[in-house]
Amino acid sequence: MLTLLSMFYYICLRRRSRSGTRGEALTSRRAVESGQRAVLPVSVEVEQYAKEVLDFSSHYGSENSMSYTMWNLAGVPNVYPSSGDFTQTAVFRAYGKWWEQCASAPLPFRRTPDSFHSQDYIELGFEELVYPTAVEVFETYYPGAIVQILACSHNPFSQNPPTDVRWEVLWSGGPTKALTPQARQFSPKIKHINFPTNLLRLEVNSSLLDYYTELDAVILRGVKERPMLALYKMPLIDISDLSDSEDELSDVGGPFKQGGDGKQQRTANGYFDKLPYELIQLILSHLTLPDLCRLAQSCKLLHQHCCDPLQYTQLSLQPYWARLSDASLGHLQSRCTLLQRLNLSWTGNRGALTLTGFSSFMKARGLSLVCLELSCCHFLNEPCLEVISQSCPRLQELNLSSCDRLHPQAFTHISKLIHLRRLVLYRTKIEQTALLSILTFCPEMRHLNLGSCLRIEDYDVVASMLATRCRSLCSLDLWRCRNLTDRGLAELVAGCRMLEELDLGWCPTLQSSTGCFQQLARSVPRLRKLFLTANRTVCDSDIEELANCCPLLQHLDILGTRLISAVSLKKLLQACPRLVLLDVSFCSQIDTRVVQELSSLFPNVAIKKSFTQ
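Computed from a predicted structure; not experimentally measured. (Residues numbered from 1 in each chain as written. Predicted model: local features only at pLDDT ≥ 70, side-chain atom pairs only at ≥ 80, totals over all residues. Heavy atoms only, no water.)

Caption draft 1: Seen up close, unusual backbone geometry. Between Tyr-80 and the following residue, Pro-81, the backbone shows a cis peptide bond with an omega angle of 15°. In this structure, Pro-81 sits in the loop between β2 (52-56) and β3 (90-91). Phi is positive for Cys-376, close to 60°, though the residue is something other than glycine. Checked against the element boundaries, Cys-376 lands in the loop between β14 (371-373) and α8 (382-391). In this model, Trp-506 sits at a positive phi of 60°, which is unusual for a non-glycine residue. Its location among the elements puts Trp-506 in the loop between β19 (501-503) and α12 (516-523). (Helix = DSSP H or I, 4+ residues; strand = E, 2+ residues; numbered from the N terminus.)

Caption draft 2: Focus on the pairing of strand β9 (residues 214-223). By the criterion of burial, β9 is predominantly enclosed, with 10 of the 10 residues buried. Sheet analysis places strand β1 (residues 46-49) next to β9, joined by 4 bridges and oriented antiparallel. Counted as the bridge partner of Gln-48 is Leu-220 from β9. Relative to β9, β3 runs antiparallel, the two being bridged by 2 bridges. Bridge assignment links Ala-90 to a residue of β9, and that residue is Leu-215. Across 9 bridges, the pairing between strand β4 (residues 120-141) and β9 is antiparallel. Pairing of Val-135 across the sheet is with Leu-220, part of β9. (Buried < 20%, exposed > 50% of the residue type's maximum accessible area, 1.4 Å probe, protein only. Pairing = 2+ DSSP bridges.)

Caption draft 3: Representation of the environment of Thr-133. Its place among the elements puts Thr-133 in strand β4. Residues Thr-133 and Leu-170 lie 37 residues apart in sequence; the distance between their C-alpha atoms is 9.7 Å. Not counting the four nearest positions on each side in its chain, Thr-133 is found in contact with Glu-45, Ile-190, His-192, Arg-221, Gly-222 and Val-223. (Contact = heavy atoms within 4.5 Å.)

Caption draft 4: Molecular detail of the packing of helix α13 (residues 540-549) against helix α14 (residues 566-575). At a minimum axis separation of 8 Å, α13 and α14 run at an interaxial angle of 10°. When the axis of α13 is compared with that of α14, the two are roughly parallel. Packed against α13, whose contacting residues are Asp-540, Ile-543, Glu-544, Leu-546 and Ala-547, the element α14 presents Ser-568, Leu-569, Lys-571, Leu-572 and Ala-575 at the interface. Tallied by class, residues from the contact of α13 with α14 come to 6 nonpolar, 1 polar and 3 charged. (Axes fitted to C-alpha atoms, helices over the stretch in contact; angles between N-to-C directions. Parallel < 35°, antiparallel > 145°, perpendicular 65-115°, else oblique. Nonpolar A, V, L, I, M, F, W, Y, C, P; charged D, E, K, R; others polar.)

Caption draft 5: Broad picture of the environment of Ser-67. In this structure, Ser-67 sits in the loop between β2 and β3. Accessibility expressed as a relative area gives 32% for Ser-67, which makes it partly exposed. Contacts of Ser-67, omitting those with residues within four sequence positions, involve Gly-61, Ser-62, Asn-72 and Thr-87.

Caption draft 6: View of the sheet that holds β14. Strands sit in the order β12-β13-β14-β15-β16-β17-β18-β19-β20-β21-β22-β23 across an open sheet of 12 strands; the sheet is parallel. Taken across any chain shown, the strands that pair with only one partner, and hence form the sheet edges, are β12 (314-316) and β23 (606-608). Sheet twist, expressed as the mean angle between neighbouring strand axes with direction ignored, is 5°. As defined by bridge partners, strand β20 (residues 529-531) adjoins strand β21 (residues 555-557) across 3 bridges and the pair is classed as parallel. Bridge pairing in β21 places Lys-529 opposite His-555.

Caption draft 7: Up close: the pattern of salt bridges. Applying the stated criterion across every chain, the model contains 24 salt bridges. Here Glu-373 ties to Arg-422 by a salt bridge, and the two come within 2.9 Å at their closest N and O atoms. Of this pair, Glu-373 sits in strand β14 while Arg-422 sits in strand β16 (residues 422-424), and the two are 49 residues apart along the sequence. Take Glu-373 and Arg-422: they sit in the same class, and that class is buried. For the salt bridge of Glu-491 with Arg-487, the shortest nitrogen-to-oxygen distance reads 3.5 Å. Placement of the pair is Glu-491 and Arg-487 together in helix α11 (residues 486-495), with a separation of 4 residues, close to one helical turn. The exposure class of Glu-491 is partly exposed, given its relative accessible area of 31%. Each of the salt bridges in this network shares a partner with another, and the network as a whole consists of Glu-123, Arg-201, Glu-203 and Arg-350. (Salt bridge = Lys/Arg side-chain N within 4 Å of Asp/Glu carboxyl O.)

This is how it looks when you write it as structure tokens:
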């Protein structure tokens, strides 16, 4: 006998079958009776590669090049089925746990769900709208980073503004580490959805990988006709349902106490009356935000505990980027009177957050903020940064990574945040005038990321200003800056002797023949991380100077240097006992045999040597 729910499904299928064939109706009935999903009518499967890369959080490549950039993920495969390190693939900026161990890494946020693993993402647009049946990702080097695949209801190529944008998870899993770095075609079993899509989002976590993961292409398979899916879904309570109404909240039942007349009376809060307030707060601090919201709707006592501002001194909304809206921020606003750290990274895109909702929250709760993460928040505009500068006078950390749609003029407002100690401007359009103003008025700066900031005309001037105004600078990322010379580097290290991290990767204007790298080693003895990636001029004398002057060195990237020998590397490894990462990929004098010998002598050091098949 069919259950009541199955009968309901059957009636719906009967109505659907009136416009189909008798055979299709019978197939649908059998599928329902056997508990399986039915697909009506049968359609030809469409196979398509990505048409366009729409958005991404980071990439190894440059903004004005195609090598190692996310744009390589559009179109047919360039490399597959070959394996190895190829410039024609899409590569994210980081891998492993090295970046998390650096002084410049931000502190993790409490309450981050165990199921949220994503560190980077890329969004891809396809030509035709389909109901997905399969997604295939061509991974050509160190596979295993993909942790989530999502589909969006919005057509990115539509001329109409997005309304009621909905994201559905097609597949999710934890970060993995493949047994070999060889190429593979990753095609997980995906969930069927009830709307057509031509917008996919891949989220990755490379923390378990031994080297950069490389992606070559993505296939979306699907049908044009809507499949017959399950028609009933249990409602979920999440952060979008944060009403503080107590009309339907009840008291908790529990033990009794002796009344004055000798009769037993029920206590208001049951066994919870025996627990100290602080202990209940400690227990609740381990809940995720949606769980806290659900618990708040159970009874008056727990509602009071769940709405305590001490539960909201740190708030990471990044895991809920797909559901966050102005209404969500509005509901949370009353609970965040003591908010100090806020993570809105990835949120608000495609109209989910507006200037009105963001400004209202920041004006009400920005006074106590010391950390604000806004990575990849494309809703941000100049008025938003103006509100931040006016509402957050105590702000010490600001992350605008990959906010590449912010107008250059907007960055002038950051100079009003005079207590800034950490500023991330990776892949933004900040210009030199705005940056010099920030450095002038923010002398407490300790961590500055200017990676891939292509609109800065003269990095020597920036280096000189840093040496003059920010003498306590601890970390500086100049990844892919195109015009820093030996003169600017000399001024920088002469003024900022507290430097522990310095990224000069892909800075082609620095020449070892000027002695700039040796002067660097002598000037900053606290150096722990140094990236000289793709600088062809680095030589043995530079490595030996690092060995003599930087005993605390932990991370060194000299990928692509042609003049380094095994002898100087052995001296470095002997002199720097804390070294844990050494990248010698594409160093022509360091072959696989040398790497194996050094790895056996120094087993605690991860010596990287990429290959191309």
